[in-house]
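Examining the three-dimensional arrangement
Residue strings, one per chain:
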Amino acid sequence: MPLVLPLVGAWGLAAVLAFLDGRKKAVAGLAVVGMVGVLGASLALLPAALHGPVPEVVAGGWPVGMGIRLRADALSVLFCVVTNAVLAGALLCELLEGISTRSFPALVLFLAAGLNGAFLTADAFNFYVFFELSMGAAFALASYGRGASALRAGFTFVVVNLMGSVLFLTAVVMLYQATGTLDMGGIAEWVASPHTRRLEVPGALLLSAFGVKLGLFPFHFWAPAVYRGVSTSIAAIFAGALVNIGSYALVRLGAGVLGDTLAHGAEVLAVLGGASLVYGSLLALARQVPAETLAYASIAQAGYLFAALGLGPGPGVAAAVLLALSGSLDKAVLFLAMGLPGTRSRAAFAAAAFSSAGLPLSLGFLAKTELLRAALLGERWWLAGFVVLSSVLSLVALARTFQRLYWAEARAREAHDGAASGVVLALALVGWGWACGPSRCSR
């Protein structure tokens, strides 16, 4: 069944790799080939997801409403494709630079299985199960590397994300208690029907849980320490792939399932998002360490997502999806390029920085244009001003980081390009190619 290939393929290969030494080139190469295959399986779902009929299956042959439903609509598949592309790029870069622990390839595949399962499931509790599978792999990856800094980063990451998991599970239990179903479609139908019970409390818990996961201000306290303490490849996986589970959940559960509840808190979301994007950009500008600059840029990225959702359905949700996908690619490339010398890594960093700041012809430009359009249509003039201010601050902060990484150090100017820098540049060009595709350039 093509629908389950991204999930079953990643899970099966991860189970095999768990017994092998990932430091060996052959084993790591097998992991990369498998990850590329998972990406290919995700891409194979795109035509049906975009043009229909949408692939759907109920596990175990149970009737709809009783069995766990898997569904590959456009939103699910787009997140699968971008996430798997980031994981494949990060895994290949780590292979080319040298894997230091035997479990790294297996953990990346386990993470891919959890994330793909979360994107493809249409059941709220099953989403939580895949969510925890992803977090289990992420907990192990957070301590990947040597030294006390990696252990501190891993401990901080585990503690904070366990708090978010408790909030999420509590929200899922409350949703089931109120609606009598865990199927996302069933919950959405219950919300749309006349009733007296309200879902503000589970909705607030969901937003808080994923605000913690994404590092939204004021839940951001863990992000700088973690991104500074882990290796660049792990930071790229966290900022470019793992963060997508929070972004997807906010769009799917917030806008798609609990739309009425989200509308009641639209003003709060817009204010929190605006505060986070300005705060993150200001702190990014003030930092001297490149990893901290990118960490605060990720906090600003979470603010863009919340601000877009605060603008309501339609343009706001479309902007949120574009912001999540463009931010995923941009942050992954920025972190990967940060750890590599050479001309190609400079070009990749510059391309991702321009997209992150929203310069024309980039995917980030399309996303921020959609956000500005939604803000102006909703007469949120102050939010549009915050978006422009944050974009300018982000451009300056990333330009200063580029200078520190590639101009201030003589070794960066003298170093030759490695194969990994070519992978990062290719990943950077994916977003630009997507933004400048024929369908968009003809507009």
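The structure under discussion appears in the preceding block.
Points about the overall build of the protein chain
Along its length, the protein chain carries 21 helices and two strands. Its C-alpha atoms give the protein chain a radius of gyration of 21 Å, within 12% of the compact-globule value 22 Å for 443 residues. A total of 443 residues make up the protein chain; the buried ones form 58% of that total. Residue pairs at least 24 apart in sequence account for 78% of intrachain contacts in the protein chain once pairs closer than 6 positions are excluded. Of the accessible surface of the protein chain, which amounts to about 17100 Å², a share of 69% is contributed by carbon and sulfur atoms. Put simply, the protein chain has 26 plus and 19 minus side-chain charges, and the middle of one group is 8 Å from the middle of the other.

Quick look at helix H8 (residues 184-192)
Within the span of H8, buried status applies to Met184, Ile187, Trp190 and Val191. All buried residues of H8 fall inside an arc of 120° around its axis, so they share one side. Turned more than 90 degrees away from the buried face of H8, the exposed residues are Glu189 and Ala192. A side-chain oxygen of the first residue of H8 lies 3.0 Å from the backbone nitrogen of Gly185; this N-cap is Asp183.

A look at a nonpolar patch on the surface
Taken together, the side chains of Val16, Phe19, Leu20 and Leu30 define a hydrophobic patch exposed on the protein surface, amounting to about 390 Å² of accessible area. In this fold, Val16 is placed in helix H1 (residues 5-17). Of the residues examined, Val16 reaches a relative accessible area of 46% and is grouped as partly exposed.

A short note on the nonpolar core
Formed by 159 residues in total, the largest nonpolar core has its most connected members in Leu87, Leu109, Phe127, Phe157, Phe168, Ile237 and Phe238. If near-sequence neighbours (up to four positions away) are discounted, Phe127 is found in contact with Ala118, Thr121, Phe168, Met184, Phe210, Ile245, Tyr248 and Ala249.

Let's talk about helix H13 (residues 266-286)
Helix length check: H13 (21 residues) gives 30 Å between terminal C-alpha atoms against 30 Å at 1.5 Å per residue, within 8%. Ala266, Leu269, Ala270, Gly273, Gly274, Ser276, Leu277, Val278, Gly280, Ser281, Leu283 and Ala284 are the residues of H13 that are buried.

Topic: the pattern of salt bridges
Scanning the entire structure with this criterion turns up ten salt bridges. When the shortest N-O distance is used, the salt bridge between Arg69 and Asp183 registers 3.0 Å. Taken as a pair, Arg69 in strand S2 (residues 69-71) and Asp183 in the loop between helix H7 (148-179) and H8 lie far apart in primary sequence, 114 residues in all. Here the salt bridges share partners, and the residues they tie into one network are Glu56, Arg69, Arg71, Asp73, Asp183 and Arg252.

Observations concerning the side chain of Ser356
As for its placement among the helices and strands, Ser356 is situated in helix H16 (residues 343-357). Residues in contact with Ser356, not counting those within four places in the same chain, are Asp330, Lys331, Lys368, Ser394 and Leu398.

Describing the side chain of Arg252
Relative to the helices and strands, Arg252 resides in helix H11 (residues 232-257). Engagement of the side chain of Arg252 in a polar contact is seen with the side chain of Asp73, the distance being 2.7 Å. In this structure, Arg252 is in contact with Asp73, Leu75, Ser76, Met184 and Val257, ignoring residues within four places of it in sequence.

Brief notes about unusual backbone geometry
With an omega dihedral of 10°, the bond running from Phe217 to Pro218 counts as a cis peptide bond. Phi is positive for Leu361, close to 75°, though the residue is something other than glycine. Of note, Leu361 is situated in the loop between H16 and helix H17 (363-377). Judged by relative accessible area, which is 56%, Leu361 ranks as exposed. The phi dihedral of Glu379 falls on the positive side, at around 60°, and the residue is not glycine. Considering the arrangement of structural elements, one finds Glu379 in the loop between H17 and helix H18 (381-406). Judged by relative accessible area, which is 57%, Glu379 ranks as exposed.

Side note on the packing of aromatic side chains
Tallied over the entire structure, the rule returns 16 aromatic pairs. Ring geometry for Phe217 and Tyr279: centres 4.7 Å apart, planes at 35°, overall tilted. Residue Phe217 is located in the loop between helix H9 (200-214) and helix H10 (223-229), and its partner Tyr279 is located in helix H13; the two are separated by 62 residues in the primary sequence. By relative accessible area, Tyr279 is classed as partly exposed at 24%. Members of the aromatic cluster, connected to one another through ring pairs, are Phe79, Phe119, Phe125, Phe127, Tyr128, Phe131, Phe168, Phe210 and Tyr248.

Rules used in this analysis
- Per chain, residues are indexed from 1 in the order of the written sequence.
- The predicted origin of the model limits local features to residues at a pLDDT of at least 70 and limits the giving and counting of side-chain atom pairs to 80 or more, whereas totals for whole chains, interfaces and linings rest on all residues.
- Note that the side-chain values use all heavy atoms of the structure and ignore hydrogens as well as water.
- Only DSSP runs of H or I with at least four residues qualify as helices, and only runs of E with at least two residues qualify as strands; both kinds are numbered from the N terminus onward.
- The size measure is the radius of gyration over C-alpha atoms, and the globule rule it meets is 2.2 Å times the number of residues to the 0.38 power.
- When accessible area is computed with a 1.4 Å probe and restricted to protein chains, residues below 20% of their type maximum are described as buried, those above 50% as exposed, and intermediate ones as partly exposed.
- Whether two residues are in contact is decided by their heavy atoms, any of which lying within 4.5 Å being enough.
- All accessible areas in this document rest on Shrake-Rupley with a 1.4 Å probe, and a residue is counted as covered only by the protein chains that are shown.
- Under the counting rule used here, the positive set is Lys and Arg, the negative set is Asp and Glu, and His together with the chain ends is not counted.
- The location of each charge is read from NZ of Lys, CZ of Arg, CG of Asp or CD of Glu.
- The arc in question is the one traced by the directions running from the helix axis out to the C-beta atoms.
- Polar contact criterion, stated in full: a pair of N or O atoms within 3.5 Å, where within protein one must be able to donate a hydrogen and the other to accept it, and residues adjacent in sequence count only if both atoms are side-chain atoms.
- For patches, a residue must show more than 30% relative accessible area and have no salt bridge; joins then use 9 Å for like charges and 5 Å for nonpolar side chains, namely Val, Leu, Ile, Met, Phe, Trp and Tyr.
- Any carboxyl oxygen of Asp or Glu within 4 Å of a side-chain nitrogen of Lys or Arg constitutes a salt bridge here.
- For this analysis, a nonpolar core means a set of buried residues of the types Ala, Val, Leu, Ile, Met, Phe, Trp, Tyr and Cys, connected via side-chain atoms within 4.5 Å.
- Multiply 1.5 Å by the residue count of a helix minus one, and that product is the helix's expected span.
- Aromatic pairs are defined between Phe, Tyr and Trp rings, using the six-membered ring for Trp, whenever the two ring centres lie within 6.5 Å; interplanar angles under 30 degrees are classed as stacked, those over 60 as edge-to-face, and all others as tilted.

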